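# A structural walkthrough
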Amino acid sequence: MSTQVPNSTGLPNLAPTIDPATAEFWAGTTRGELLLERCPDCQTVIWYPRGGFCPACGSFSAERFAATGTGTVYTFTVVHRGLGEYSGVTPFVIAYVELDEGPRVMTNIVDCDPSDVHIGMPVRVVFHDTGQGAALYRFAPA
Amino acid sequence: MVTIKRKAFIAGIYEHPRREIPDRSVAQIHAEVALGALADAGLSLSDVDGYFTDGAGTFGAMSMTDYLGLRCTHSDSTETGGSSYLFHVGHAAEAIAAGRCNVALITLAGKPRTGGGAGFGRGAAPEQSFEGLFGMSGAVTGYALAAQRHMYQYGTTSQQMAEVKVAASLHAQHNPHAMLTKPVTVEEVLASPMISSPLHRFDCCVVTDGGGAVVVVSPEVARDLPRANVTVLGQGEAIKHADNGRIDLTYTGGVVSGPRAFEEAGVTHSDIDYVSIYDSFTITVIETLEDLGFCEKGQGGRFVMDGTLVSPGGKLPFNTDGGGLCNNHPSNRGGITKIIEAVRQLRGEAHPAVQVPDCEIALAHGTGGSLATRMGSSTLIMAREGA
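Model, not experiment: these values are computed from the prediction.

### Brief notes about the overall build of chain B
On a plain count of helices and strands, chain B comes out with 13 helices and 9 strands. For a compact globule of 387 residues, the expected C-alpha radius of gyration is about 21 Å, and chain B comes in at 22 Å, within 12% of that figure. In terms of overall dimensions, chain B has a C-alpha envelope of 65 × 55 × 35 Å along the principal axes. When contacts within chain B are restricted to residue pairs at least 6 apart in sequence, those whose partners lie at least 24 apart make up 69%. Accessible surface, chain B: about 16200 Å² in total, of which carbon and sulfur atoms supply 55%. Positive and negative side-chain charges of chain B, numbering 29 and 40 respectively, have mean locations separated by a distance of 4 Å.

Laid out in structure tokens, this is it:
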């Protein structure tokens, strides 16, 4: 698992809305942990975090565990016209990364030339601190 | 008269026992009351095929269907304040009576007391912080993610996507109200600025003010009206969502809505004379044509080559008003113009240059939300009366 690194890409570190279902997930990101939830009844790994509720079987007892933090790019786009806080940081990459645990997670690919990103590319998680009790999970070439 | 009388039964109820719930998110409270009412009924989440909730805040049926992991063939986010849920029971009974769903779930949740927000206390949609912080501020990025995967998986090309825009532009040149009236070539589409790879500016719909409206009446009322000669043969709908992180970006909710609409209408693909296909982006059209069964999965790019979509003369004339790509996408919502142009075609009132000869049966398909996360898909099949 990766620890906190400076955000070398210049992407904005927007703060998430933290609620009772996601407080532990976001606390984990500040420790360099990408916490997933697994349902003990049906063994499904859950994404996005629902704070215990399992959408696969309706159980309310899912338990958190730390992901390996590695995966591959499922799809991506190089954004040439960003909006809002992202308007001044183009080009940048938005992707779905398929985690080794199964879920496909929306994120950014950082620390590489956008033109080098490709589907199937191995990546590992990095965390960019928002300074507000959470860090954004982004992915860099593994 | 067909009524809902004795066509539907209340099988389960549940009132959340707490009055202050600081330790739960609003979405979790939706889940708790859903599970409570289903347990009371002796049913489970997997039995639910119709879902109803209000539309306040950023919630709505799309977010909650995704959160709860439902697979629904009928959805309703009618928002009428505190009375919403009584509307929902009536609408659920109509849907059950019509065979559109069998188990309808209605939920309400909110935290105006401990949620820290004003108003109804709905908060942000539960997925917002897991999708909204990475620069997905415009629709184009999400559709670009889908296009990239479709190209990788099926060999679809930018040239093939451009063919969709070219066909729309050939139609728009005859529409004096269209935002863009100049025909474009495949080369011009590919030369337009890259917005979010692989989508160029000309792969994107226009941004327009405006609106539209539709009046639907009973057969008894229609009999006395001079222009009510288009009837609804069938409709199917679905919410396709992120599937607990197992999202597949290469198909749309059309895989569910299309077959249901065709089955209800009792027609086949060869019966369809004209299609209005939601064209927020060129990739939207290609995936939708595949999912509705006009070609095999993955063959949409090849299908649209050689003027397939051009009217007149193409095998499957589409969006003869110029569509969202060239004509109009009012309020960033193109669904109503899809219905309107299909009705024009069935009335024989499309522009003469693009009118499909003897157009008797038309299909209109809407895609709302995003190919990259969750979407509402609806397929509507209509016919000229007497056809």
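### As for the sheet that holds strand E7 (residues 274–277) of chain B
For sheets, the rule is that strands pair by backbone hydrogen bonds, running either parallel or antiparallel. Residues and elements named next belong to chain B. The 4 strands are arranged E6-E9-E8-E7 in an open sheet whose pairing can be described as mixed. Both edges of this open sheet fall to strand E6 (230–240) and E7, since each of them pairs with a single strand only. Geometrically, the sheet is characterised by an average inter-axis angle of 10° between neighbouring strands, direction not taken into account. The pairing of E6 with strand E9 (residues 375–384) spans 10 bridges and is classified as antiparallel. Following the sheet pairing, Ile-239 is matched in E9 by Gly-376.

### Focus on the interface of chain B and chain A
The accessible area lost on association of the parts is a frequent measure of interface size. Contacts between chain B and chain A engage 45 residues on the former and 47 residues on the latter. Contact between chain B and chain A buries roughly 3900 Å² in total, counting both sides, with carbon and sulfur atoms accounting for 62%. Sorting the residues of chain B by area buried against chain A places Phe-130, Leu-133 and Phe-134 of chain B first, and these three jointly supply 21% of that buried surface. Counting across the interface, chain B meets chain A through 1 salt bridge.

### Here we look at a nonpolar patch on the surface
Residue and element names in this part refer to chain B. A cluster of nonpolar side chains, Ile-10, Ile-13, Val-89 and Ile-106, forms an exposed patch at the surface whose accessible area comes to about 370 Å². Counting through the fold element by element, Ile-106 comes out in strand E3 (residues 104–107). On the accessibility criterion, Ile-106 (31% relative accessible area) is partly exposed.

### Description of the sheet that holds strand E2 (residues 74–76) of chain B
All names here are of chain B. If you walk across this open sheet you meet the 3 strands as E2-E1-E3, and the pairing is parallel. With partners counted over all chains shown, the strands left at the sheet margins are E2 and E3, one partner each. Put simply, the sheet's adjacent strands are angled 10° from each other on average, direction ignored. By the bridge criterion, 4 bridges tie strand E1 (residues 50–53) to E3 in an arrangement that is parallel. Paired with Tyr-51 across the bridge in E3 is Leu-105. The sheet strands contacting helix H3 (residues 84–97) are E1, E2 and E3, and the helix crosses E3 at an angle near 170°.

### What to know about empty space enclosed by the protein
Scanning all chains against the criterion turns up 1 cavity of 30 Å³ or more. Of all the secondary-structure elements, those providing two or more residues to the lining of the largest cavity are strand E6 (104–109) of chain A together with helix H4 (128–131) of chain B. Across the lining of the largest cavity, the residue classes tally to 7 nonpolar, 2 polar and 4 charged.

### A short note on helix H10 (residues 282–291) of chain B
All names here are of chain B. The buried fraction of H10 amounts to 10 of the 10 residues, a majority that puts the element mostly inside the structure. Along H10, the residues classified as buried are Thr-282, Ile-283, Thr-284, Val-285, Ile-286, Glu-287, Thr-288, Leu-289, Glu-290 and Asp-291. A positive backbone phi angle near 90° is found at Gly-293, which sits one or two residues after H10.

### Details of the confidence of the model for chain B
Per-residue pLDDT for chain B averages 94, and the proportion of residues at 70 or more is 97%. Our summary of model confidence lists the complex with pTM equal to 0.94 and ipTM equal to 0.94.

### Remarks on the environment of Gly-131 of chain A
Residue and element names in this part refer to chain A. Locating Gly-131 in the fold gives a position in the loop between strand E7 (122–129) and strand E8 (135–141). Residue classification places Gly-131 among the exposed residues on the basis of a relative accessible area of 64%. Each C-alpha atom of the pair Gly-131 and Asn-13 lies 8.6 Å from the other, and the pair is 118 residues apart in sequence.

### Description of the pattern of salt bridges
Considering all chains together, one arrives at 22 salt bridges over all chains under this definition. Between Asp-66 of chain B and Arg-50 of chain A there is a salt bridge, and its shortest N-O distance comes to 3.5 Å. Here Asp-66 of chain B, found in helix H2 (residues 61–68), pairs with Arg-50 of chain A, found in the loop between strand E2 (45–46) and strand E3 (63–66), and the two come from separate chains. Each member of the pair, Asp-66 of chain B together with Arg-50 of chain A, is buried.

### So, the packing of aromatic side chains
Under the defined criterion, the tally for this structure stands at 16 aromatic pairs over all chains. Plain terms: the ring middles of Trp-47 of chain A and Phe-130 of chain B are 5.5 Å apart, the flat faces sit at 80° to each other, and that makes the pair edge-to-face. Pair noted here: Trp-47 of chain A is in the loop between E2 and E3 and Phe-130 of chain B is in helix H4, and the two residues belong to different chains. As far as burial versus exposure is concerned, Trp-47 of chain A and Phe-130 of chain B are alike and both buried. An angle of 50° between the planes, with centres 6.2 Å apart, marks the rings of Tyr-48 of chain A and Tyr-67 of chain B as tilted. One end of the pair, Tyr-48 of chain A, is in the loop between E2 and E3; the other, Tyr-67 of chain B, is in helix H2, on a second chain. Of the residues examined, Tyr-48 of chain A reaches a relative accessible area of 4% and is grouped as buried. Taken together, the ring pairs in this structure connect Phe-25, Trp-26, Trp-47, Tyr-48, Phe-53, Phe-60 and Tyr-137 of chain A together with Tyr-67, Phe-130 and Phe-134 of chain B into an aromatic cluster. The ring of Tyr-67 of chain B carries the charged tip of Arg-50 of chain A above its face, separated from the ring centre by 5.1 Å. The cationic tip of Lys-165 of chain B hangs over the ring face of Phe-202 of chain B; the distance from NZ or CZ to the ring centre is 5.1 Å.

### Focus: the confidence of the model for chain A
Per-residue confidence for chain A averages 93 on the pLDDT scale, and 94% of its residues sit at or above 70. Segment residues 1–6 of chain A is flagged for pLDDT under 50; beyond a separation of four residues in sequence, or across chains, it makes 26 contacts in the model.

### A look at the environment of Ser-84 of chain B
Residues and elements named next belong to chain B. Within the secondary structure, Ser-84 is located in helix H3. Dropping the residues within four chain positions of it, Ser-84 is found in contact with Asp-54, Thr-78 and Glu-79. A distance of 2.9 Å separates the side chain of Ser-84 from the backbone nitrogen of Thr-80, its partner in a polar contact.

Conventions used here
- Here the residue index of a chain counts from 1 through its sequence in written order.
- Labels follow written order: the first chain is A, the first ligand is 1, and so on.
- Local features in a predicted model are, by the rule used here, given only for residues with pLDDT of at least 70; side-chain atom pairs are given and counted only at 80 or more, and totals for whole chains, interfaces and linings are based on all residues.
- Where side-chain values are given, they derive from all heavy atoms of the structure, hydrogens and water being excluded.
- Numbering of helices and strands runs from the N terminus; a helix is a DSSP stretch of H or I covering at least four residues, while a strand is a stretch of E covering at least two.
- A radius of gyration in this sense is built from C-alpha atoms; the matching globule rule multiplies 2.2 Å by the number of residues raised to 0.38.
- Any pair of residues with heavy atoms lying within 4.5 Å of one another is described as a contacting pair.
- To measure how exposed things are, a 1.4 Å probe is used in the Shrake-Rupley method; for residues, cover is taken only from the protein chains shown.
- Just so you know, the count uses Lys and Arg for positive and Asp and Glu for negative, and it drops His and the chain ends.
- Just so you know, the charge point we use is NZ for Lys, CZ for Arg, CG for Asp and CD for Glu.
- Note on pairing: two strands pair once DSSP finds at least 2 bridges between them.
- Interaxial angle, 0 to 180 degrees, is taken between N-to-C directions of lines fitted to C-alpha atoms, where a helix line uses only the stretch in contact.
- Buried area adds together the accessible area that both of two parts lose upon being put together, with accessible area traced by a 1.4 Å probe.
- We define a salt bridge as a contact between a side-chain nitrogen of Lys or Arg and a carboxyl oxygen of Asp or Glu at a distance within 4 Å.
- To count toward a patch, a residue needs a relative accessible area above 30% and no salt bridge. Like charges then connect within 9 Å, nonpolar side chains (Val, Leu, Ile, Met, Phe, Trp, Tyr) within 5 Å.
- Residue exposure (1.4 Å probe, protein chains only): buried if accessible area is under 20% of the type maximum, exposed if over 50%, otherwise partly exposed.
- Residues are said to line a cavity or pocket when one of their atoms sits within 4 Å of a point; the points come from a 1 Å grid over protein atoms alone, cavities being sets where a 1.4 Å probe fits but cannot get out and pockets being open sets with protein on both sides within 12 Å along at least five of seven lines.
- Grid points are joined across faces, edges and corners, and a volume is the space filled by probe spheres set on the points.
- Three classes are used: nonpolar for Ala, Val, Leu, Ile, Met, Phe, Trp, Tyr, Cys and Pro, charged for Asp, Glu, Lys and Arg, and polar for all others, with Gly counted as polar.
- Confidence scores here are pLDDT values: one per residue, from the predictor, ranging 0 to 100.
- Only Phe, Tyr and Trp rings take part, Trp by its six-membered ring, and two of them pair if their centres are within 6.5 Å. Stacked means planes under 30 degrees apart, edge-to-face means over 60, and tilted covers everything else.
- Only when the NZ of Lys or the CZ of Arg is both within 6 Å of the ring centre and within 35 degrees of the ring normal is a charge said to sit over the ring.
- In protein, a polar contact means a hydrogen-donor-capable atom and an acceptor-capable atom, both N or O and within 3.5 Å, with residues adjacent in sequence counting only if both atoms are side-chain atoms; elsewhere, any N or O pair within 3.5 Å suffices.

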